[in-house]
Amino acid sequence: MSKASIVREWTRTDGSKCVGGSDDNAKAPPGSLMLYNSLLDEKVPFVPASGPGSKSLSWYTCGPTVYDVSHMGHARNYVTFDIIRRVLEDYFGYNILYVMNVTDVNDKIIIRARRNYLLAKYKEGKHTDAEVKAFAEKAVQNSFAKQRAKLAETEALVVAANEEQEAAAADKKGVLQRQLNELDGAIKNEAHKLSQIQTALRALGQAGDSDTIYAVASDFVAEELDREQGKSVTDSSIFRAHAAKYEAEFTQDMDSLGVRRPDVLTRVSEYMDEIVDYVKKIVDNGIAYESNGSVYFDTTNFRACGHTYGKLKPWAVGSSALAAEGESNFETSEKRSNTDFALWKASKPGEPFWESPWGQGRPGWHIEYSAMASTLIGSRMDIHTGGDDLRFPHHDNELAQAEAFYHNEGCHQWVNYFLHSGHLEIEGLKMSKSLKNFITIREALKSFSARQLRLLFVLQSWNKSMVYGEASRAEMKAREAQLKNFFQNIEVAVRGVDEITSCAKWQAEERDLSQKLQAVQNQVHEHLLDNLNTAAVMDTLSELIKSTNIYLSKKRESASAAAPAQPFLLRKVSTYVTRMLSMFGIVDASWDKPGFADAAGGAGDAKGAGYLDAFAAFRDEVRSLARTQADPKETMTACDRVRDVALVELGVRLEDRPDGTAIWKLDDPAVINAEQQERAKTASEARSFIHGGVQSTEY
């Protein structure tokens, strides 16, 4: 595609056309929901395909390719769109048919399953440490040579793109700069991969025994084994078992993160008949062709039929560097054009296969999604979602396939709203398996709670890149603590209060807090209308929480029975905050039961027995101390012990007040224990510092 001819277009639900960059695109009646649509890369009014007043939506989200463990990049995508789904369903009241696929037939799955199988077999063989090391060194050297060539090729593309950008007319430089920026990112990725191979080479030089060698170079050994022996793997159950294992793990990970399950789950292996029929129709429509048992999409004829190829990332069309990670065998002599792509791949040794009119083979990566989504949703879809890295070639090819399939029905826009979640970056690079810089979801849950991870994503713009790191953990803990303390403070304020008899005439403080609540409700609504701006919503809720805490503080300071904190008002505020947090999935309980379910629920029989056991044990100890006329310090120690040990194990936080009284709050025992350990560590370090200082003055 000529970069000079790029024009972004989008068709509204009413049939009117929008051109990228036009001031008219954002025009909408007041109160309209605006969404960032990747088809234009702009915010546009959201209107269901079934009409402005409809509450019915169809939504297809790209599910996992189950070839390995799920990492935090996946969490960024699936939790983010879970939050958006919750807002559309629970706040705006849409009825959504939510469809997600599982890709269980794919190049990555085939390669990984085959390599794992061959590596396991190799390890079972009787190889000496020297033999294993020699083979590993050969494997790593081969990978190094291959990666060095790939980096050089990408660098050459950047040089060419720079020259094209410098020579371009002023009005074309912007589009070319986007391509150049992405190529610069590709160079960083390829250089990172080369650096990892160099690190492996150095480590391998120090490795002696086989276990150490495998720890350093197992991926490279598996790749070399696959190159030499991959064609010999013919048992199809190897591939299916591999996919099933990681599908189960993915489901468990999503459950642990609180992601709502889809309404429909599709697997590629279960839709082979529909996929074959889909390809046949595209061929019959003249927009695909057979070559040596494979079928390729004809991008040239697709354009000749009046369609646009590359709607989501037009500047990437034709660039092998920007398509390589997602498009195997990008260059092949079987294709008529380098932009054509496979709909059906002829069977090769070492791969699973299915029967088709073109012989034994399997689907291309993109056709699976178009066929399954079309089967369930049809020729017009409201929302399609996925990670930003899937724009091209994957989602652009999906769009092209569906438009080709429905060509005779006049389809030129299969998806009305394409939403892409921003990258999750670590150390300046996109987190991904290919870069080997990923942190699994299960590893992350050792440092973060599921609630903290959800807070992490709620506090970011859903469609922009974000950074993951341990620094985020402290911020999320602080945010979580603010919410928890808010609910605890309100619970303490209304505990044991007769809400009817304690009602009093509102004073200025009540009127101010009520007005603040109304203002926040209006602001939250505006933030959600503005591209579902959850980060702004959380900041607005934080201001309401601060105002409520100030109100409670004033009421405590006044200590006036004539003007107590008003429980109805407090419950209204806490119920609203809970409703918003419940909508985001941060709170598990129903929104009409304020607070965190895991810290404020009623005690069941077992927990109630624990409280009674703790009280009985404490009473016995106090009675014993009284009988023996023990030193009062021992009684104080017993009081501290029940506060710091017995009650903590029950999830009770007992806080001493300056006036000598105490209040209790419910919390996670692990959280209270961690805080105690941190305080003890700080106190110990302080004592060590003071002791060291005293010693230094004596010498």
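Here we summarise the structure given alongside this text. Every value quoted in this text rests on a predicted model; they were computed, and no experiment measured them.

With respect to the overall build of the protein chain
No. 1: Within the protein chain, the secondary structure is distributed over 21 helices and 18 strands.
No. 2: If you line up the protein chain on its principal axes, its C-alpha atoms span 95 × 75 × 55 Å.
No. 3: Out of the 699 residues belonging to the protein chain, those deemed buried represent 48%.
No. 4: A separation of at least 24 residues holds for 74% of the contacts in the protein chain among residues at least 6 apart in sequence.
No. 5: Summing over all exposed atoms, the protein chain offers an accessible surface of approximately 32,700 Å²; the carbon and sulfur share of this is 51%.
No. 6: Looking at the protein chain, you have 84 positive and 98 negative side-chain charges, and the mean spots of the two groups are 2 Å apart.

A word on the side chain of Glu-351
No. 1: Here Glu-351 lies in the loop between strand E10 (341-346) and strand E11 (361-363).
No. 2: The class for Glu-351 is buried, based on a relative accessible area of 16%.
No. 3: Within the structure, Glu-351 has its side chain in polar contact with the side chain of Arg-362 (distance 3.2 Å).

Digging into the pairing of strand E3 (residues 34-37)
No. 1: In terms of strand pairing, E3 meets strand E4 (residues 42-45) through four bridges, oriented antiparallel. Bridge pairing in E4 links Tyr-36 to Lys-43.
No. 2: Where E3 hands over to E4, the hairpin turn is made up of four residues, of which Asp-41 adopts a positive phi near 60 degrees.

Some points on the sheet that holds strand E5 (residues 56-61)
No. 1: Across the sheet, which stays open at both edges, the five strands sit in the order E7-E6-E5-E12-E13 with parallel pairing between neighbours. Each edge of the open sheet is held by one strand with a lone partner, namely strand E7 (264-267) and strand E13 (415-421). With strand direction ignored, the average angle separating the axes of adjacent strands in the sheet is 20 degrees.
No. 2: Note: E5 against strand E6 (residues 95-102), six bridges, orientation parallel. Bridge pairing links Leu-57 to Ile-96 in E6.
No. 3: Against the sheet, helix H1 (residues 72-91) makes contact with E5, E6, strand E12 (381-387) and E13, and its axis sits at roughly 165 degrees relative to E6, the strand it touches most.

As for helix H20 (residues 632-649)
Since the α-helix advances by 3.6 residues per turn, residues separated by three or four positions end up pointing in the same direction.
No. 1: Helix length check: H20 (18 residues) gives 25 Å between terminal C-alpha atoms against 26 Å at 1.5 Å per residue, within 8%.
No. 2: At Val-642, H20 shows its maximal kink, close to 35 degrees.
No. 3: All buried positions along H20 are accounted for by Ala-638, Val-642, Leu-647 and Val-648.
No. 4: Taking the backbone nitrogen of Lys-633 as reference, a side-chain oxygen 2.8 Å away marks Asp-631 as the first, capping residue of H20.
No. 5: Backbone geometry just downstream of H20 places Gly-651 in the positive-phi region, at approximately 80 degrees.

Some words on the pattern of salt bridges
No. 1: Tallied over the full model, the rule gives 46 salt bridges.
No. 2: Across the pair Asp-388 and Arg-391 runs a salt bridge whose closest N-O atoms are separated by 3.0 Å.
No. 3: Given a relative accessible area of 23%, Asp-388 falls into the partly exposed group.
No. 4: Judged by its relative accessible area of 6%, Arg-391 is buried.

Considerations on the side chain of Asn-463
No. 1: Summarising the element assignment, Asn-463 is placed in the loop between helix H13 (450-458) and strand E16 (466-467).
No. 2: For Asn-463, a relative accessible area of 19% gives the class buried.
No. 3: Apart from residues lying up to four places away in sequence, Asn-463 is in contact with Tyr-36, Arg-76, His-420, Gly-422 and Asn-531.

Section: the packing of aromatic side chains
No. 1: Considering all chains together, one arrives at 18 aromatic pairs under this definition.
No. 2: For the pair Phe-297 and Phe-341, a centre-to-centre distance of 4.9 Å together with 15 degrees between the ring planes defines the contact as stacked. Here Phe-341 lies in strand E10 and Phe-297 lies in strand E9 (residues 294-297), a separation of 44 residues in the sequence. For the pair Phe-297 and Phe-341, one class covers both residues: buried.
No. 3: By way of ring pairs, the aromatic residues Trp-10, Phe-46, Tyr-94 and Tyr-417 are connected into one cluster.
No. 4: Taking the ring centre of Trp-664 as reference, the NZ or CZ of Arg-495 above it sits at 3.1 Å.

Quick notes on the packing of H13 against helix H14 (residues 470-494)
No. 1: Running from N to C, H13 and H14 point in directions that differ by 105 degrees, and their axes come no closer than 9 Å. Taken together, H13 and H14 sit at an angle that is classed as roughly perpendicular. Between H13 and H14, the residues in contact are Arg-451, Gln-452, Leu-455 and Leu-456 and Ser-472, Met-476, Lys-477, Arg-479, Glu-480 and Leu-483, respectively.
No. 2: Taken together, the residues of the contact of H13 with H14 break down into four nonpolar, two polar and four charged.

Here we look at the state of the cysteines
No. 1: Tallied over the full model, the rule gives zero disulfides.
No. 2: Free cysteine: Cys-411, not disulfide-bonded; nearest cysteine sulfur from Cys-305 at 13 Å.

Remarks on the packing of helix H2 (residues 107-124) against helix H6 (residues 236-256)
No. 1: Close contact between H2 and H6 brings their axes to 9 Å; oriented N to C, the two are set at 105 degrees. Judged on the interaxial angle alone, H6 and H2 are roughly perpendicular. Contacts between H2 and H6 pair Ile-109, Ile-110, Arg-112, Ala-113, Arg-114, Asn-116 and Tyr-117 from the former with Ile-238, Phe-239, His-242 and Ala-243 from the latter.
No. 2: Its residues assigned to classes, the contact of H2 with H6 comprises seven nonpolar, two polar and two charged.

Let's talk about H13
No. 1: Among the nine residues in H13, eight count as buried, and that is most of the element.
No. 2: Those residues of H13 that fall on the buried side of the exposure criterion are Arg-451, Gln-452, Leu-453, Arg-454, Leu-455, Leu-456, Phe-457 and Val-458.

Describing the environment of Ile-663
No. 1: Tracing the chain through its elements places Ile-663 in strand E18 (residues 662-666).
No. 2: When the C-alpha atoms of Ile-663 and Gln-676 are compared, they prove to be 18 Å apart, with 13 residues separating the residues in sequence.
No. 3: Non-local contacts of Ile-663, meaning those with residues more than four positions away in its chain, are made with Val-492, Arg-653, Leu-654, Glu-655 and Arg-657.

Re the sheet that holds strand E8 (residues 288-291)
No. 1: Strand order in the open sheet formed by four strands is E8-E9-E10-E11, with antiparallel pairing between adjacent strands. Each edge of the sheet is formed by a strand with only one pairing partner; in this case those strands are E8 and E11. Strand-to-strand twist in this sheet, taken as the mean axis angle between neighbours without regard to direction, amounts to 20 degrees.
No. 2: In this structure, E9 lies alongside E10, joined through three bridges in antiparallel fashion. Each bridged residue has a counterpart across the sheet, and for Tyr-296 the counterpart in E10 is Ala-342.

Here's the deal with the nonpolar core
No. 1: Of all hydrophobic cores here, the largest spans 159 residues; its most connected members are Met-72, Phe-92, Ile-282 and Leu-581.
No. 2: At 10 residues, the largest contribution of residues to this core is made by H1.
No. 3: Not counting the four nearest positions on each side in its chain, Ile-282 is found in contact with Ile-287, Ala-288, Phe-297, Leu-343, Ile-367, Gln-401, Ala-404 and Phe-405.

Structural notes on unusual backbone geometry
No. 1: Residue Pro-393 is reached from Phe-392 by a cis peptide bond, and omega for that bond is 5 degrees.
No. 2: With respect to the helices, strands and loops of the structure, Pro-393 is situated in helix H11 (residues 391-405).
No. 3: Positive phi, close to 60 degrees, is recorded for Asn-531, a residue that is not glycine.
No. 4: Summarising the element assignment, Asn-531 is placed in the loop between helix H15 (508-529) and helix H16 (534-558).

Reading the values: the criteria
Residues numbered from 1 in each chain as written. Predicted model: local features only at pLDDT ≥ 70, side-chain atom pairs only at ≥ 80, totals over all residues. Heavy atoms only, no water. Helix = DSSP H or I, 4+ residues; strand = E, 2+ residues; numbered from the N terminus. Buried < 20%, exposed > 50% of the residue type's maximum accessible area, 1.4 Å probe, protein only. Contact = heavy atoms within 4.5 Å. Areas by Shrake-Rupley, 256 points an atom, 1.4 Å probe, with all protein chains shown as cover. Lys, Arg positive; Asp, Glu negative; His and termini not counted. Charge placed at Lys NZ, Arg CZ, Asp CG, Glu CD. Polar contact = N/O pair within 3.5 Å; in protein donor to acceptor, adjacent residues only side chain to side chain. Pairing = 2+ DSSP bridges. Axes fitted to C-alpha atoms, helices over the stretch in contact; angles between N-to-C directions. Expected span 1.5 Å × (residues − 1). Bend = angle between axes of the 7 residues up to and from the residue. Salt bridge = Lys/Arg side-chain N within 4 Å of Asp/Glu carboxyl O. Phe/Tyr/Trp six-rings, centres within 6.5 Å; stacked < 30°, edge-to-face > 60°. Lys NZ or Arg CZ within 6 Å of the ring centre and 35° of its normal. Parallel < 35°, antiparallel > 145°, perpendicular 65-115°, else oblique. Nonpolar A, V, L, I, M, F, W, Y, C, P; charged D, E, K, R; others polar. Disulfide = S-S within 2.5 Å. Core = buried A, V, L, I, M, F, W, Y, C linked by side-chain atoms within 4.5 Å.

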